There are 2 protein chains.
Amino acid sequence: MTSSKPNPSRPDPSSVPGAVVNRLSLYLRELQHLIGDGKETISSSQLGQRLGFTDAQVRKDLAHFGHFGHPGIGYRCEELVPAIRHILGTDRQWQVALVGVGNLGRALLGYRGFQKQGFRIVAAFEVEPEDVGETIDGVPVHHIDQLEHVLSEQDIELGLVAVPAEKAQEVTDKLVASGVSGILNFAPVTLAVPEGVSKVGVDLARELEQVTFAVANRGNQGTN
Amino acid sequence: MTSSKPNPSRPDPSSVPGAVVNRLSLYLRELQHLIGDGKETISSSQLGQRLGFTDAQVRKDLAHFGHFGHPGIGYRCEELVPAIRHILGTDRQWQVALVGVGNLGRALLGYRGFQKQGFRIVAAFEVEPEDVGETIDGVPVHHIDQLEHVLSEQDIELGLVAVPAEKAQEVTDKLVASGVSGILNFAPVTLAVPEGVSKVGVDLARELEQVTFAVANRGNQGTN
DNA sequence: CATTGTGAACTTATTCACAGCC
DNA sequence: GGCTGTGAATAAGTTCACAATG
């Protein structure tokens, strides 16, 4: 404990359930759309309605991190967006490395959504000699053996793993050894990462399986 | 109730929590790797260990759907894999339509992981005239106006939405009108779908935000 | 007076622990 | 002896409901 009176804007972050963080990023996305539509404030019930949550859920989630609302008014979009970005850690730029410039890797290099949220892919890596040396969407493709060297110079904190399943763990180990602290993994394997390194996995076939389960068992409207 | 004695292999599927289904597909993936490695049986504790769950969790999840284990032995991989595929609905082929052959759409067309799990993208759609008529990875690209027509002939049940956010709802409405019953959405918006249609959203920037939260708040090992 | 923030009630999910089985 | 399936116990997450508030 640093102070006797708990600071409402910075509660113990490791006690926050993952589901809350997931919803937080959903709130952020929706708020950004709302701002685009010129809306100035939104109530917890309106926001919840758009995303399929209750008003209480929205308020509780946000209350984990501070007092962002205004009684009688709701939440001011322009105020809440930077607050959530701060919580998520995206109130600054993150430099990202990509490993694997196959099909998916190339799509990630061109994906605009990353830049919009402050992510910049600044280096890509491959084993295939024919891809090395190329520049794709402004990003230089290095040989994978250069990974540690390039990362040591560029202050890259996040890694995208877009290699075949068999190579994913090996690549992950290299990223970790090079000091990366978070990984987004597109290979269909569960990666082992050391304590202190975070990872999230995106497996497209698994996502579709969630859909087929719901379809085969009629009426599960599903995760966002 | 259809019978007095509850059938253990087919419980009410809509009562199964989404988180269970999500883990189920993770079990499936791991089991498929295990078979590839020549392992014949696995215990709930071993399987749990590999994925970061408790043994009880694994057993409870599977017990939702039937009696798949063998006391003293564990689960037989070759037996459990088809059982889970049946539960998830992937014990058959699913025909899939893709809308949007930009960056991401093209990557999806070439993605091998879909085919491995029984998904076949059989038609793609675009607005941009220069892409229409093309064949990418063996998949014909039709004009979006042909969507309803093509889908009516091909028994396509799932749709992949890989268009810009502004067009995603419109495209979704068309897919739904054409009889699709499940949607995997890559656009960074929350889609509205009618009752009875299932959807799952994959927002790459949001996934990365889950990583940055964990990194910015040290030690949340993260999903998967 | 619409709307937040929040304890208390409730619901859902996870883990424990052990009888039953191979 | 090793391991499952499961009811009971515990923990976590969600909703209710209402006092506080600009």
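Anyway, here's the lowdown on the structure attached to this text. (Residues numbered from 1 in each chain as written. Chains lettered and ligands numbered in written order. Predicted model: local features only at pLDDT ≥ 70, side-chain atom pairs only at ≥ 80, totals over all residues. Heavy atoms only, no water.)

Side note on helix α5 (residues 103–110) of chain A
Line of reasoning, step 1. Here α5(A) lies mainly inside the structure; 6 of its 8 residues are buried.
Line of reasoning, step 2. Burial in α5(A) covers these residues: L104(A), G105(A), A107(A), L108(A), L109(A) and G110(A). (Buried < 20%, exposed > 50% of the residue type's maximum accessible area, 1.4 Å probe, protein only. Helix = DSSP H or I, 4+ residues; strand = E, 2+ residues; numbered from the N terminus.)

A closer look at the relation of the copies chain B and chain A
Line of reasoning, step 1. Rotating chain B by 180° and translating it 0.0 Å along the rotation axis places it on chain A, where the RMSD comes to 0.1 Å. Given the turn and translation reported, the copies of this chain are related as if by a two-fold rotation axis. Measuring from the rotation axis to each C-alpha of chain B, the shortest distance belongs to A107(B), at 3.1 Å. (Least-squares fit on C-alpha atoms with pLDDT ≥ 70 in both.)

Some thoughts on unusual backbone geometry
Line of reasoning, step 1. Residue D137(A) is not a glycine yet carries a positive backbone phi of 50°.
Line of reasoning, step 2. Tracing the backbone shows D137(A) in the loop between β5 (135–136) and β6 (139–143).
Line of reasoning, step 3. Look at D137(A) and you get exposed, because its relative accessible area is 55%.
Line of reasoning, step 4. You will see that D155(B), though not glycine, has its phi angle at about 55°, which is positive.
Line of reasoning, step 5. Tracing the backbone through its elements, the reader meets D155(B) in the loop between α7 (147–154) and β7 (158–161).

With respect to the environment of A19(A)
Residues and elements named next belong to chain A.
Line of reasoning, step 1. Within the secondary structure, A19 is located in helix α1 (residues 18–36).
Line of reasoning, step 2. Taking the relative accessible area as the measure of exposure, A19 reaches 44% and is therefore partly exposed.
Line of reasoning, step 3. The spacing of A19 and D61 is 42 residues in sequence and 9.5 Å in space, taken between C-alpha atoms.

Quick word on the protein's contact with DNA strand D
Line of reasoning, step 1. As a matter of local geometry, DNA strand D sits amid 21 residues, with K60(A), S44(B), R59(B), G69(B) and Y75(B) nearest to it.
Line of reasoning, step 2. Here the atoms of DNA strand D within 4 Å of the protein split so that 57% fall in sugar or phosphate, with bases taking the remainder.
Line of reasoning, step 3. Separating a base oxygen of DNA strand D from a side-chain N or O atom of K60(A) is a distance of 2.8 Å.
Line of reasoning, step 4. Here a sugar or linking oxygen of DNA strand D and a backbone polar atom of G72(B) are 3.0 Å apart.
Line of reasoning, step 5. Top element by residues in the surface near DNA strand D is helix α3 (residues 55–63) of chain A. It accounts for 4 residues.
Line of reasoning, step 6. The residue inventory of the surface near DNA strand D, partitioned by class, reads 7 nonpolar, 9 polar and 5 charged. (Near = heavy atom within 4 Å. Polar contact = N/O pair within 3.5 Å; in protein donor to acceptor, adjacent residues only side chain to side chain. Nonpolar A, V, L, I, M, F, W, Y, C, P; charged D, E, K, R; others polar.)

Brief notes about the layout of surface pockets
Line of reasoning, step 1. In this structure, the largest pocket encloses a volume near 1,400 Å³.
Line of reasoning, step 2. Surrounding the largest pocket, 50 residues form its lining, N22(A), R206(A), T223(A), N22(B) and T223(B) being those nearest its centre.
Line of reasoning, step 3. Going through the elements one at a time, α1, β9 (198–201) and α9 (204–216) of chain A together with α1 (18–36), α2 (44–51), β9 (198–201) and α9 (204–216) of chain B are the ones with two or more residues in the lining of the largest pocket.
Line of reasoning, step 4. One number sums up the size of the second largest pocket: a volume of about 1,200 Å³.
Line of reasoning, step 5. Around the second largest pocket, the lining comprises 46 residues; the ones closest to its centre are V163(B), P164(B), A165(B), E166(B) and P188(B). (1 Å grid on protein atoms, 1.4 Å probe; cavity = no way out; pocket = protein on both sides within 12 Å on 5 of 7 lines; lining within 4 Å. Points joined across faces, edges and corners; volume = space filled by probe spheres on them.)

Some words on the nonpolar core
Line of reasoning, step 1. Residues L98(A), F114(A), L160(A), L98(B), F114(B) and L160(B) are the most contacted members of the largest nonpolar core, which totals 54 residues.
Line of reasoning, step 2. The residues contacting L160(A), other than those within four sequence positions of it, are V96(A), A97(A), L98(A), V99(A), L108(A), F114(A), I121(A), L184(A) and L208(B). (Core = buried A, V, L, I, M, F, W, Y, C linked by side-chain atoms within 4.5 Å. Contact = heavy atoms within 4.5 Å.)

Topic: the protein's contact with DNA strand C
Line of reasoning, step 1. DNA strand C sits among 22 residues. The nearest are S44(A), R59(A), G69(A), Y75(A) and K60(B).
Line of reasoning, step 2. Among atoms of DNA strand C positioned within 4 Å of the protein, sugar and phosphate together represent 58%.
Line of reasoning, step 3. Contact distances for DNA strand C include 3.3 Å between a phosphate oxygen and a side-chain N or O atom of Q57(B).
Line of reasoning, step 4. Between a sugar or linking oxygen of DNA strand C and a main-chain N or O atom of P71(B), the distance comes to 3.3 Å.

Details of the pattern of salt bridges
Line of reasoning, step 1. For the coordinates displayed, the defined rule picks out 16 salt bridges over all chains.
Line of reasoning, step 2. Close ionic contact of D55(B) with R59(B) constitutes a salt bridge, the shortest N to O distance being 3.4 Å. Note that D55(B) and R59(B) are positioned in helix α3 (residues 55–63) at a spacing of 4 residues, about one turn of the helix.
Line of reasoning, step 3. Taking relative accessible area as the criterion, R59(B) reaches 38% and is therefore assigned partly exposed.
Line of reasoning, step 4. Each of R106(A), D131(A) and E134(A) takes part in a single network of salt bridges with overlapping partners. (Salt bridge = Lys/Arg side-chain N within 4 Å of Asp/Glu carboxyl O.)

Remarks on the packing of α1(A) against helix α2 (residues 44–51) of chain A
Residues and elements named next belong to chain A.
Line of reasoning, step 1. Where α1 contacts α2, the two axes come as close as 11 Å, and the packing angle between them is 105°. When the axis of α1 is compared with that of α2, the two are roughly perpendicular. For the pair formed by α1 and α2, the contact residues are L26, Y27, E30 and L34 on the first element and L47, R50 and L51 on the second.
Line of reasoning, step 2. For the contact of α1 with α2, the class distribution of residues is 5 nonpolar, no polar and 2 charged. (Axes fitted to C-alpha atoms, helices over the stretch in contact; angles between N-to-C directions. Parallel < 35°, antiparallel > 145°, perpendicular 65-115°, else oblique.)

With respect to the packing of aromatic side chains
Line of reasoning, step 1. This model, assessed by the stated rule, comprises 8 aromatic pairs over all chains.
Line of reasoning, step 2. Relative to F119(A), the ring of F114(A) has its centre 6.4 Å away and its plane inclined at 85°; by these criteria the two rings are edge-to-face.
Line of reasoning, step 3. A residue is classified by how much of its surface remains accessible, and F114(A), at 2% relative accessible area, is buried.
Line of reasoning, step 4. With a centroid separation of 6.4 Å and 85° between ring planes, the pair formed by F213(A) and F65(B) is classed as edge-to-face. With F213(A) in helix α9 and F65(B) in the loop between α3 and β2 (75–76), the pair connects residues from two separate chains. F65(B) shares its class with F213(A); the two are buried. (Phe/Tyr/Trp six-rings, centres within 6.5 Å; stacked < 30°, edge-to-face > 60°.)

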